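# Structure at a glance
This is what each chain is made of:
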Amino acid sequence: METTHDLIVIGGGSAGLTASGIAAGVGAKTALVEAERLGGDCTWTGCVPSKTLLHAAHVAHQSATASRAGLTDTPVDVDFAGLMRHVRALREHVYDEADAPRVVEATGVEVVPGRARFLDPHTVEITRESGETERISGRKILIATGGRPRVPDIPGLDGLPFVTSETLFEITEQPRHLVVLGAGPIGIEMAQAFRRLGSDVTVIDRGDRILSKDDPDLARMLQSVLEAEGVRFCFGADVERAERDGAGAALMLGTGERIAADLLLVATGRMPNTETLELDAAGVAHTQTGITVDKAGRTSVRHIYAAGDVTGQFALTHMSEHTAKVAVTNAVLHVPASIDVQHVPWATYTSPELAHVGAGPDDLDRAGTAYTTFRFPYSKLDRAITEGETTGEIRIHATRWGRILGADVLGARAGDLVGEIAVAMRAGVSMNALSSTIHPYPTYSLGVRRAADQWIVGLRTERVVRAARWIFGYRGPVIPHVPGEVV
């Protein structure tokens, strides 16, 4: 059949913007269909507003604890409504500079406003806000409609005042008591932000700790920091029902405890946006968790691809961009590319940050992989000492021969440090090479080198030292390295 476009991209978030830009850049006639605003979750309800709020909370906390730097503690007065205006203004700035239709169209992409649904494997119908419809067809189609917050089925929750990540940044009044349902990254970041801004905060989760996908020891260290700042946690808590409490809401826990909130933030995971796509009309296989794709980003229909949160594989902006690059490289450039699942980094942007890349100890133990974890604490890192950021540790998991398998980092700039380790892993850089790389002093990144140094130190067994003394005639004492001791 004759098609109107070489590629149709459905969804204008991180994945859709990435894919459409690449396709148009190589000369493909590309349509980008978006039902709401370009930019997606990252710009409007995720990364940009949440990190802006976190930064403001960090500034307030630094002022209130300035004596740690030899200054005078000066608690700040929080103009919450003004702060939220600032958050929304920065959101608009990012949109206007990078995501607005005029910016995207300047790259050769045709932006089509409206909601798309499949009529057949090559044709989509677009319904505009006015109700008017039009049909376009594509040789290739990429679905990137993202996801949305998953709201649990709690009796009584419907009709009660609560927010999710989609509506949190629209509030104008600071809650006296914020209750966060869910101890994942979104819930934990916002718990610390609101506590530092002056709200009482309680986090409820049915699990037994925060950040269940991260290293349990480091997560517990972070939890201790949050508790010291005044965040309260209720673990192993099933919410039996919700009810109205004045202008707010209250949750009844299975333990019998009743917790009232001025504002309830529901942060219990995400679900894919697939309901209005009519995927069955195109023959695209999907489940409740998302659209099924292979390692090339291809769906069950050969010319239809999917990327980002709609696949249910990752809920990370950088992975949305990565999977979009892989999908469009296969679809438009016809160059084989595969989704990299071995070197996926992530970070939770609390203070201190908690970040991860590659395989963790649990993964390695389950696989029966022999490894050693090489550690370096922030308490021995000079830059961290000078800035009073000594809570945390760098942990690199590597083989006996120095191949890096993964890493976990708790501390200031942890997300940045994990980025360096991710590059090293993907490039096949060994612990020896990482240790030999000159890092500027004093920096946080020097901690990565110091962690790699521990692998070198581990080679200094008593047998090696005695052999060196015998070969070279050295006369110094034999002081072998004690396993686990940081040098």
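Since the structure is predicted, the reported quantities are computational estimates derived from the model, not experimental observations.

Parameters at a glance
- Residues numbered from 1 in each chain as written.
- Predicted model: local features only at pLDDT ≥ 70, side-chain atom pairs only at ≥ 80, totals over all residues.
- Heavy atoms only, no water.
- Helix = DSSP H or I, 4+ residues; strand = E, 2+ residues; numbered from the N terminus.
- Rg over C-alpha atoms; globule rule 2.2 N^0.38 Å.
- Buried < 20%, exposed > 50% of the residue type's maximum accessible area, 1.4 Å probe, protein only.
- Contact = heavy atoms within 4.5 Å.
- Areas by Shrake-Rupley, 256 points an atom, 1.4 Å probe, with all protein chains shown as cover.
- Core = buried A, V, L, I, M, F, W, Y, C linked by side-chain atoms within 4.5 Å.
- 1 Å grid on protein atoms, 1.4 Å probe; cavity = no way out; pocket = protein on both sides within 12 Å on 5 of 7 lines; lining within 4 Å.
- Points joined across faces, edges and corners; volume = space filled by probe spheres on them.
- Nonpolar A, V, L, I, M, F, W, Y, C, P; charged D, E, K, R; others polar.
- Pairing = 2+ DSSP bridges.
- Axes fitted to C-alpha atoms, helices over the stretch in contact; angles between N-to-C directions.
- Right-handed = clockwise from strand over helix to strand, strands pointing away.
- Phe/Tyr/Trp six-rings, centres within 6.5 Å; stacked < 30°, edge-to-face > 60°.

### Some details on the overall build of the protein
The secondary structure content of the protein amounts to 15 helices and 23 strands. A compact globule built from 487 residues would reach a C-alpha radius of gyration of about 23 Å, and the protein, at 25 Å, matches this within 12%. Taking the principal axes of the C-alpha coordinates as reference, the protein spans close to 90 × 60 × 40 Å. Across the 487 residues of the protein, 48% fall into the buried class. A sequence separation of at least 24 residues applies to 61% of the contacts in the protein between residues at least 6 apart. Looking at the protein as shown, the accessible area adds up to about 23100 Å², and 51% of this sits on carbon and sulfur atoms.

### Overview of the nonpolar core
Ranked by internal contacts, the top residues of the largest apolar core, which has 35 residues, are L53, L168, M190, F194, V203 and I210. At the level of secondary structure, the elements contributing two or more residues to this core comprise α3 (47–64), α4 (80–99), β8 (177–181), α6 (185–196), β9 (200–205), α7 (216–229) and β14 (263–266). Ranked by residues supplied to this core, first place goes to α6 with five residues. Setting aside anything within four residues of it in sequence, one finds M190 in contact with S50, L53, L54, L168, F169, L178 and L265. Counting 30 residues, the second largest nonpolar core, distinct from the first, contains A355, F376, L417 and A451.

### Side note on the layout of surface pockets
Space inside the second largest pocket adds up to approximately 670 Å³. Here the lining of the second largest pocket is composed, by residue class, of ten nonpolar, ten polar and eight charged.

### Considering the environment of V328
Tracing the backbone through its elements, the reader meets V328 in helix α9 (residues 317–333). Residue V328 is classed as buried on the basis of its relative accessible area, which comes to 1%. Spatially, the C-alpha atoms of V328 and T74 are 52 Å apart, while their sequence positions differ by 254 residues. With sequence-adjacent residues up to four places away left out, V328 is seen in contact with L7, A19, I22, A23, L142 and L333.

### A short note on the sheet that holds strand β21 (residues 372–377)
Sheet architecture is open: five strands sit in the order β19-β20-β23-β22-β21, paired in antiparallel fashion. Each end of this open sheet is capped by a strand with a single partner; those strands are β19 (345–348) and β21. Direction aside, the axes of adjacent strands within the sheet are offset by 10° on average. Pairing between β21 and strand β22 (residues 393–398): six bridges, direction antiparallel. Note on β22: the bridge partner recorded for P377 is E393. The strands touched by helix α14 (residues 446–458) within the sheet are β21 and β22, with β21 carrying the most contacts at an inclination of about 135°.

### Describing the environment of W455
Here W455 is to be found in helix α14. A relative accessible area of 9% places W455 in the buried class. A sequence separation of 159 residues divides W455 from A296, and the C-alpha atoms of the two residues are 36 Å apart.

### What about the pairing of strand β1 (residues 5–10)?
By the criterion of burial, β1 is predominantly enclosed, with five of the six residues buried. Judged from the four bridges that link them, β1 and strand β2 (residues 30–34) form a sheet pairing that is parallel. Looking at β2, one finds that I10 is bridged to V33. What joins β1 to β2 is helix α1 (residues 14–25), and the crossover it makes is right-handed.

### A word on the packing of aromatic side chains
Counted under the stated rule, the structure contains five aromatic pairs. For the pair F233 and F235, a centre-to-centre distance of 5.5 Å together with 5° between the ring planes defines the contact as stacked. We classify F233 as buried; its relative accessible area is 13%. For F235, a relative accessible area of 24% translates into the label partly exposed. With 6.1 Å between their ring centres and 35° between their planes, Y378 and Y444 make a pair best called tilted.

### Examining the environment of Q192
In this structure, Q192 sits in helix α6. Given a relative accessible area of 2%, Q192 falls into the buried group.

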